[in-house]
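Each chain, written out:
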Amino acid sequence: MSNTETAPPEVHAVPGDAVPQVEILTPREVPLGGPRAMTVRRTLPQRQRSLIGAWCFVDHYGPDDTAASGGMDVPPHPHTGLATVSWLFTGEVEHRDSLGTHAMVRPGELNLMTAGHGIAHSEVSTPDTTVLHGVQLWVALPEEARDGPRDFAHHAPEPVTLPGGGTARVFLGALAGSRSPVPTATPLLGAEVLLEPGATIELAVDAGFEHGLLVDRGHVAFQGQPLAPAELGYLRTGHATLRIEAGDEPARLVLLGGPPFGEQIVMWWNFVGRSHDEIVAFRAAWEAGERFGAVDGYVARDGRTGPSTRLPAPALPQATIRPRGNPQ
């Protein structure tokens with residue numbers, strides 16, 4: 001998914017003198033893709049929090065009426081230094097990439113695309129999709145993996161029952177006795193969690209992980225901290241159990257986790273690098289038709305195909321793009 005936004009928001013402050021366990025990250029609306037941009041809600045990165053583990057980007061969209069919005073139509077665009085995680089609640093998206101992959105993104109099924117040295121891909125909601133609803137997530141690749149080969153993996157996890165009134169689909173990592181077979185460059189946790197009204201669950205997790213809980217629907221309390229729909233609650237390391245309580249309505253959540261990344265990154269447009277000069281070089285390579293490969297089969301809405309359909313890179317900022325990590 002292409003990133004067109006350059007101004008992250010402030011972290012939402014919780015009133016009072018006591019520092020809460022859970023930091024609340026509030027979303028901002030961002031246009032996605034080209035001229036008929038679909039609007040998404042972005043909760044990561046923030047000015048004061050760039051990563052949760054290696055998770056560096058969280059977009060949350062829908063329920064989107066495709067008859068009104070036109071749906072998702074993101075032309076071929078590049079990525080490097082990261083992996084993309086596509087997870088849908090409703091709808092269907094056609095994926096094509098320069099590895100030669102042609103796949104469908106469907107509800108409850110993971111598509112993980114590893115850019116490594118460089119990849120290009122397109123994303124288009126299918127004609128039968130009337131409502132589009134899901135998340136698009138990015139993972140920063142560590143130094144030893146960020147220049148590796150392109151890759152693509154698919155996994156359809158089975159739901160597992162959570163004592164206390166819920167279910168989970170674990171698409172990356174391990175939780176509640178379920179483990180994803182999909183390998184990752186750093187340890188990660190990714191799961192969709194459904195809670196019944198009034199449910200309370202306690203999840204055993206790795207205390208060395210940071211965790212983020214994104215609320216899709218319903219109101220919940222995360223470690224006692226209320227979270228509203230579209231908010232993301234961040235919890236630092238040191239917690240071996242996560243307690244989540246649902247309100248009077250069913251809740252759908254996305255739980256993310258991983259050990260602190262430990263590297264500073266430069267993230268601009270669709271690139272994750274380590275310096276301003278790298279970003280300049282990545283942009284120049286995309287504009288020159290180098291490094292990222294070609295996407296076959298994408299057809300623009302006006303009928304165009306081939307190189308003319310590629311999404312052009314935005315202009316670089318006048319200032320130097322500086323590496324960022326998380327506060328200690």
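These remarks concern the structure in this document. (Residues numbered from 1 in each chain as written. Predicted model: local features only at pLDDT ≥ 70, side-chain atom pairs only at ≥ 80, totals over all residues. Heavy atoms only, no water.)

## Re the packing of aromatic side chains
Consideration 1: Enumeration over the complete set of coordinates arrives at 8 aromatic pairs.
Consideration 2: Plain terms: the ring middles of W268 and F271 are 6.2 Å apart, the flat faces sit at 40° to each other, and that makes the pair tilted. Comparing W268 with F271 shows no difference in burial state: the two are buried.
Consideration 3: Aromatic side chains W269 and F271 sit 5.5 Å apart centroid to centroid with 90° between the ring planes, which places their arrangement in the edge-to-face category.
Consideration 4: An aromatic cluster of at least three residues, connected via ring pairs, comprises W268, W269, F271, F282, W286 and F292.
Consideration 5: One Lys or Arg, R49, reaches over the ring of Y234 and ends 3.7 Å from the middle of that ring.
Consideration 6: Looking at R252, its charged tip hangs above the ring of F89, at a distance of 4.2 Å from the centre. (Phe/Tyr/Trp six-rings, centres within 6.5 Å; stacked < 30°, edge-to-face > 60°. Buried < 20%, exposed > 50% of the residue type's maximum accessible area, 1.4 Å probe, protein only. Lys NZ or Arg CZ within 6 Å of the ring centre and 35° of its normal.)

## Notes on unusual backbone geometry
Consideration 1: The omega torsion of the bond from L44 to P45 falls at 5°, within 30 degrees of zero and hence cis.
Consideration 2: Take P45: it is sitting in the loop between β3 (38-44) and β4 (55-65).
Consideration 3: Note the cis peptide between G62 and P63, where omega equals 0°.
Consideration 4: Tracing the chain through its elements places P63 in strand β4.
Consideration 5: One non-glycine residue, A230, lies in positive phi territory at about 80°.
Consideration 6: Mapped onto the secondary structure, A230 falls in the loop between β21 (225-227) and β22 (232-235).
Consideration 7: Taking the relative accessible area as the measure of exposure, A230 reaches 11% and is therefore buried.
Consideration 8: Positive phi, close to 50°, is recorded for W269, a residue that is not glycine. (Helix = DSSP H or I, 4+ residues; strand = E, 2+ residues; numbered from the N terminus.)

## A closer look at the sheet that holds strand β5 (residues 73-79)
Consideration 1: If you walk across this open sheet you meet the 4 strands as β5-β10-β7-β8, and the pairing is antiparallel. Of all the strands in the sheet, the pair left with one neighbour each is β5 and β8 (102-105). Adjacent strand axes in the sheet meet at a mean angle of 20° when their direction is disregarded.
Consideration 2: In this structure, strand β7 (residues 93-97) lies alongside β8, joined through 4 bridges in antiparallel fashion. Note on β8: the bridge partner recorded for V93 is V105. (Pairing = 2+ DSSP bridges. Axes fitted to C-alpha atoms, helices over the stretch in contact; angles between N-to-C directions.)

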